[in-house]
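One-letter residues, chain by chain:
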Amino acid sequence: MENSTSARPNFFDSKVLGHPSGLFVLFFTEMWERFSFYGMRVLLIQFLTMSVIGLNPGWEMSVVDAGAIFATYAMLLYITPIFGGILADKYIGYRWAVVVGSLIMTLGHASMTLETEFFMYLGLVLLVVGTGFFKPNMTSILSEMYKSFPEKKDGAYTIFYMGVNAGAFFGMMLCGYIGERIGWHYGFGLAGIFMLLGTLQFWFAKPIFGAIGDVPNKSTEVKEETSIDTKDLTPAQQDELKRNPFTTLDYILIAITTIIGFLYAFSDVFYIVGKIRLFPAEIFGMDGKAVVVVTGLLILMWLIISRIVRYAKVVRDRMIAVIIFAFFTIFFWMSFEQGATSLIIFARDNTQRVLSGDKALLFNIFNSLLTIVPLLIISWVLILLAKQTIKKALLSNIILAITFVGVWASAIWMLNRDWSLHAYEVTYDAIQTQKVDKEGNPILDKHSEPIYEYKAIHAANQPKEGDNVVKHTAVVSQLATLAKGDKVEIYQELGNFNILDIKQKEHLTKQFAEANKETEIVQAEITEIKDNQVEITASWFSILNSFFIIALASLVSKLWDSRFNPPASIKYGLGLIIMAIGFGVLAYGSHGITEGTRVSMMWLVFAYFFHTLGELFSSPVGLSYVSKLVPARMIALMFGMWYLAIAIGNNLAATLGGQIETITEQYSLSVFFLIFTVVPIVAGLLVITLNPVLKKLMHGVK
């Protein structure tokens with residue numbers, strides 16, 4: 001008994017909720033990193049596509065180009081961790097890799113606050129490089145902590161995963177709100193501040209971890225690698241340990257596919273930014289980029305197949321199973337990651353986000369509970385951690401306390417701002433015109449009555465002879481207290497009017513003058529004081545994924561622990577189909593809507609519910625099955641393959657998401673969402689059909 005106790009690492013002596021305090025240091029470090037990552041991500045597409053003239057101007061980039069830039073960024077995020085993991089394993093250790101990655105990402109967020117073209121792209125590059133160091137090594141530290149306690153590892157990963165979702169939840173909520181309401185650079189800046197503070201609290205917590213995550217001891221590594229006793233192994237296990245060295249041809253093919261892959265990743269960005277083509281415009285009369293990329297994929301397939309066939313049967317079959325799962329994971333992430341592009345555009349441009357009266361009151365109550373309750377729970381965990389570690393890591397606890405003061409202050413400010421808004425009915429002069437379709441036919445409502453649109457009169461839109469000028473009204477929310485009869489100036493942005501203060505008016509006037517355009521500021525009068533009104537930010541809907549994960553994860557995990565636990569391929573297939581239902585909901589909800597009309601926010605809420613449920617069904621089939629199916633010495637190769645599949649899926653997601661406006665113009669918004677309904681359903685049915693084959697290939701692994 002004494003021996004087992006003395007063998008325990010020191011870090012397990014101080015516990016929080018039954019786990020070592022070091023786990024919760026990692027929990028908060030990952031939480032602040034995810035806060036920064038998702039806080040920036042939810043703003044990026046909006047910033048790139050917002051008009052260059054406005055209350056919160058952006059770059060007015062087309063959604064196609066913005067999607068292409070995000071596609072490169074998303075793809076590289078899953079490739080650089082492969083190199084970051086190798087560097088940490090062999091040279092700098094996990095802790096230094098996490099710190100270096102965090103600092104690089106902090107510089108990336110700082111660069112993006114400047115909002116200039118050079119610093120924006122530099123910021124994205126730094127975030128990609130920093131993620132490469134950070135992402136793989138946090139979980140490596142966690143694995144090392146629980147090396148002697150495998151029975152507790154599942155619980156540890158569950159807690160750690162909650163940190164991931166808590167960070168994503170608050171990052172998208174607070175950075176999104178501040179970015180949309182105050183200014184993009186403030187949102188980007190807030191992400192950077194918490195990234196830096198999270199880095200410092202991790203660094204000063206070193207006494208809690210001891211030697212865990214330090215620079216690897218090569219002599220120990222050699223001993224561990226060569227200490228395998230093969231005499232007690234079965235013939236199949238001995239086959240697994242047989243070497244399959246890379247040939248010179250393998251290395252050449254890896255180099256070729258890697259070069260093609262990086263050229264593909266950067267091709268759109270180079271053309272958008274500098275009109276530089278990385279591929280020939282045409283090869284053999286066909287699109288040059290397509291020819292080179294298809295060639296690269298064929299070479300990669302040949303390389304994978306040629307390596308797999310050299311292994312013993314059991315290993316070969318299991319690796320084939322991993323490759324099949326990796327192939328289908330492309331379709332999952334291609335659809336699921338629409339949350340970073342098209343769903344944000346849909347929330348901003350096509351969703352009714354203005355609530356009045358009782359609906360506004362209910363939303364404010366719900367949003368307050370949604371913000372305060374999780375913060376109270378996590379703050380309670382922070383207090384428990386401080387009780388255990390304040391003597392060992394005083395500075396770390398102080399910095400962690402500062403981060404929570406900051407996040408509490410931001411949350412209270414956000415909620416107070418929404419509760420303090422006043423609603424006013426404003427009246428202005430407008431030109432009334434009847435809505436027509438592309439063929440010029442009048443658009444009628446469900447009662448066969450004509451639908452009219454009203455364009456406000458301002459310097460850039462003066463009435464012509466014969467125009468029907470009418471008085472029109474709009475309800476506007478405003479922090480300032482105004483009275484009935486007050487003359488105000490309003491400006492329309494994203495379909496909603498805003499009452500301007502002096503500073504905003506000067507800012508807009510200057511922008512229009514610099515663009516050599518007439519102003520679009522409208523003269524109006526307050527004609528009625530209304531009930532409260534609130535406008536939900538487009539970013540807010542993105543938090544629903546994290547909220548539903550936290551709410552549903554335990555229920556789904558209980559299903560996997562019961563006798564109803566289905567095979568891996570069934571789980572994955574159901575995950576694809578359930579996620580596709582979410583897009584089917586959006587396709588149905590957006591059916592028949594025309595330009596300028598918006599759908600109920602509940603369609604988006606239901607969509608995120610099904611997307612999250614699909615994710616929870618699919619997530620058990622991910623990296624855990626790679627580790628189960630592949631021998632230890634081939635884990636790195638197959639993890640690389642898995643991350644490559646996710647990278648391709650993310651790249652396709654952003655590229656296709658950028659087509660939302662193009663497809664909507666040519667067909668309809670409903671058709672756009674149908675693409676992400678049909679493709680995953682087909683993929684899901686196919687992987688379920690393959691269950692007998694996959695079961696045979698997995699050779700007993702469950």
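Shown above is the structure to which this text applies.
Since this is a predicted model, take the numbers as computed values, not measurements.

Calculation rules
Residues numbered from 1 in each chain as written. Predicted model: local features only at pLDDT ≥ 70, side-chain atom pairs only at ≥ 80, totals over all residues. Heavy atoms only, no water. Helix = DSSP H or I, 4+ residues; strand = E, 2+ residues; numbered from the N terminus. Buried < 20%, exposed > 50% of the residue type's maximum accessible area, 1.4 Å probe, protein only. Areas by Shrake-Rupley, 256 points an atom, 1.4 Å probe, with all protein chains shown as cover. Lys, Arg positive; Asp, Glu negative; His and termini not counted. Charge placed at Lys NZ, Arg CZ, Asp CG, Glu CD. Salt bridge = Lys/Arg side-chain N within 4 Å of Asp/Glu carboxyl O. Patch = residues over 30% accessible without salt bridge, like charges linked within 9 Å, V, L, I, M, F, W, Y side chains within 5 Å. Core = buried A, V, L, I, M, F, W, Y, C linked by side-chain atoms within 4.5 Å. Expected span 1.5 Å × (residues − 1). Bend = angle between axes of the 7 residues up to and from the residue. 1 Å grid on protein atoms, 1.4 Å probe; cavity = no way out; pocket = protein on both sides within 12 Å on 5 of 7 lines; lining within 4 Å. Points joined across faces, edges and corners; volume = space filled by probe spheres on them. Pairing = 2+ DSSP bridges. Axes fitted to C-alpha atoms, helices over the stretch in contact; angles between N-to-C directions. Parallel < 35°, antiparallel > 145°, perpendicular 65-115°, else oblique. Left-handed = near helix turned anticlockwise from the far one by under 90°. Contact = heavy atoms within 4.5 Å. Nonpolar A, V, L, I, M, F, W, Y, C, P; charged D, E, K, R; others polar. Polar contact = N/O pair within 3.5 Å; in protein donor to acceptor, adjacent residues only side chain to side chain. Phe/Tyr/Trp six-rings, centres within 6.5 Å; stacked < 30°, edge-to-face > 60°. Lys NZ or Arg CZ within 6 Å of the ring centre and 35° of its normal.

**Q** Which parts of the structure should I look at to understand the overall build of the protein chain?
**A** When helices and strands are counted, the protein chain shows 25 helices and twelve strands. Projected onto the principal axes, the alpha-carbon positions of the protein chain cover approximately 95 × 70 × 50 Å. A total of 702 residues make up the protein chain; the buried ones form 51% of that total. Per element, the accessible surface of the protein chain, about 32900 Å² overall, is 63% carbon and sulfur. Once the 54 positive and 56 negative side-chain charges of the protein chain are each reduced to a mean point, those two points are 11 Å apart.

**Q** Mind showing me how you'd approach the pattern of salt bridges here?
**A** In a structure, side chains of opposite charge can pair up when their charged atoms sit close to one another. On inspection of all chains with the given rule, the structure shows twelve salt bridges. The residue K289 makes a salt bridge to D268 at a minimum N-O spacing of 3.0 Å. Here D268 lies in helix α11 (residues 248-274) and K289 lies in helix α12 (residues 288-308), a separation of 21 residues in the sequence. According to the relative accessible area criterion, D268 is partly exposed, its value standing at 28%.

**Q** Teacher, can you tell me more about unusual backbone geometry here?
**A** Only a minority of non-glycine residues have a phi that is not negative, and only a minority of peptide bonds are not trans. Non-glycine residue K275 carries a positive phi angle of around 55°. Of note, K275 is situated in the loop between α11 and β3 (282-283). In this structure, L494 is a non-glycine residue whose phi angle is positive, near 55°. Its place among the elements puts L494 in the loop between β9 (487-493) and β10 (496-499).

**Q** Which parts of the structure should I look at to understand a nonpolar patch on the surface?
**A** Taken together, W96, L103, L196, L200, W203, F204, V215, I390, L394, L395, I398 and I402 make up a surface patch of nonpolar side chains, about 1000 Å² in accessible area. Looking at the nonpolar patch element by element, the count peaks at four residues for helix α16 (residues 394-419). With respect to the secondary-structure elements, V215 resides in the loop between α8 (206-209) and α9 (218-226). Residue classification places V215 among the partly exposed residues on the basis of a relative accessible area of 48%.

**Q** Help me understand the nonpolar core in this model?
**A** Inside soluble globular proteins, nonpolar side chains tend to come together where they are buried. Ranked by internal contacts, the top residues of the largest apolar core, which has 179 residues, are F28, F209 and F404. By residue number, the principal contributor to this core is helix α2 (residues 21-49), which donates 18 residues. Ranked by size, the runner-up nonpolar core spans 14 residues in total, among them A430, A456, I490 and A524.

**Q** Help me out: how do you make sense of helix α18 (residues 543-561) in this one?
**A** In an α-helix, one turn spans 3.6 residues, which is why side chains three or four residues apart end up on the same side. For α18, with 19 residues, the first-to-last C-alpha span of 28 Å sits near the 27 Å given by 1.5 Å per residue. The largest bend in α18 is about 45°, located at L552. I543, L544, N545, S546, F548, I549, L552, A553, V556 and W560 are the residues of α18 that are buried.

**Q** Got a minute to help me understand empty space enclosed by the protein in this structure?
**A** Under the defined criterion, the tally for this structure stands at three cavities of 30 Å³ or more. Here the largest cavity is characterised by a volume of approximately 80 Å³. Lining the largest cavity are M172, M173, Y177, F363, N367, M414, D418, E535, I536, T537, S539 and W540. Taken together, the elements giving at least two residues each to the lining of the largest cavity come down to α6 (153-181), α15 (357-389) and α16. When residues in the lining of the largest cavity are grouped by element, the largest group, three residues, is from α6. If you add up the space inside the second largest cavity, you get close to 40 Å³. Forming the walls of the second largest cavity are V25, Q201, I208, L385, T389, A393, S396, N397 and L400. Elements represented by at least two residues in the lining of the second largest cavity include exactly α15 and α16.

**Q** What exactly am I supposed to notice about the pairing of β10 here?
**A** When a strand is regular, its side chains alternate between the sheet's two faces. When β9 meets β10, the two strands line up antiparallel, connected through four bridges. Of the residues in β10, the one forming a bridge with E493 is N496.

**Q** Even after reading the chapter, I still don't get the packing of α2 against α16, so can you show me in this structure?
**A** Packed helices, taken two at a time, are described by the angle their axes make and the gap between the axes. For the pair α2 and α16, the least separation of the axes is 12 Å and the interaxial angle reads 40°. In terms of orientation, α2 and α16 fall into the oblique class. The interaxial crossing formed by α2 with α16 has left-handed handedness. Mapping the contact onto sequence places F28, M31, W32 and F35 in α2 and L400, T403, F404 and V407 in α16. Considered class by class, the residues forming the contact of α2 with α16 number seven nonpolar, one polar and no charged.

**Q** Sorry, what's going on with the packing of helix α14 (residues 342-350) against helix α20 (residues 601-618) here?
**A** Between α14 and α20, the shortest axis-to-axis distance is 12 Å and the interhelical angle comes to 160°. Taken together, the axes of α14 and α20 are roughly antiparallel relative to one another. Like other packed secondary-structure pairs, α14 and α20 cross with a definite hand, here left-handed. Residue-level contacts link L343, F346 and A347 of α14 to L604, Y608 and H611 of α20. By residue class, the composition of the contact of α14 with α20 is five nonpolar, one polar and no charged.

**Q** Teacher, can you tell me more about the environment of K152 here?
**A** Relative to the helices and strands, K152 resides in the loop between α5 (117-145) and α6. Taking relative accessible area as the criterion, K152 reaches 29% and is therefore assigned partly exposed. Along the sequence, K152 and A411 sit 259 residues apart, while their C-alpha atoms lie 34 Å from each other.

**Q** Would you mind showing me how to read a negative patch on the surface here?
**A** Side chains of E453, E595, E661 and E665 sit close together on the surface and give a patch of like negative charge. Summarising the element assignment, E665 is placed in helix α23 (residues 660-666).

**Q** Where do I start with the side chain of E33 in this structure?
**A** Relative to the helices and strands, E33 resides in helix α2. Exposure remark for E33: the relative accessible area of 2% places this residue in the buried category. Setting aside chain neighbours within four positions, we find E33 in contact with M105, F134 and M195.

**Q** Mind showing me how you'd approach the side chain of E615 here?
**A** Relative to the helices and strands, E615 is located in helix α20. Within the buried set, E615 has no salt-bridge partner at all; the shortest N-O distance to an opposite charge, 9.4 Å, is to R41. Within the local environment of E615, its side chain forms a polar contact with the side chain of N545, the two groups lying 3.2 Å apart. Not counting residues up to four positions away in its chain, the partners in contact with E615 are Y161, F332, F336, N545 and I549.

**Q** Is there a simple way to think about the packing of aromatic side chains in this case?
**A** Two measures describe an aromatic ring pair: the distance that separates the ring centres and the angle between the ring planes. Evaluation of the coordinates by the stated rule reveals 43 aromatic pairs. Ring centres 5.4 Å apart and planes at 85° place the aromatic pair W540 and F541 in the edge-to-face group. Assessed through its relative accessible area of 6%, W540 is described here as buried. Relative to W603, the ring of Y588 lies with its centre 5.6 Å away and its plane at 65°, an arrangement referred to as edge-to-face. In this pair, Y588 sits in helix α19 (residues 568-589) while W603 sits in helix α20, placing the two residues 15 residues apart along the sequence. By relative accessible area, Y588 is classed as exposed at 62%. The class of W603 is partly exposed, set by a relative accessible area of 28%. One aromatic cluster is present, formed by F363, F366, W540, F541, F547, F548, F609 and F610 through successive ring pairs. Just above the ring of Y177 sits the side chain of R181; from NZ or CZ to the centre is 5.7 Å.

In short, geometric facts, not functional conclusions.
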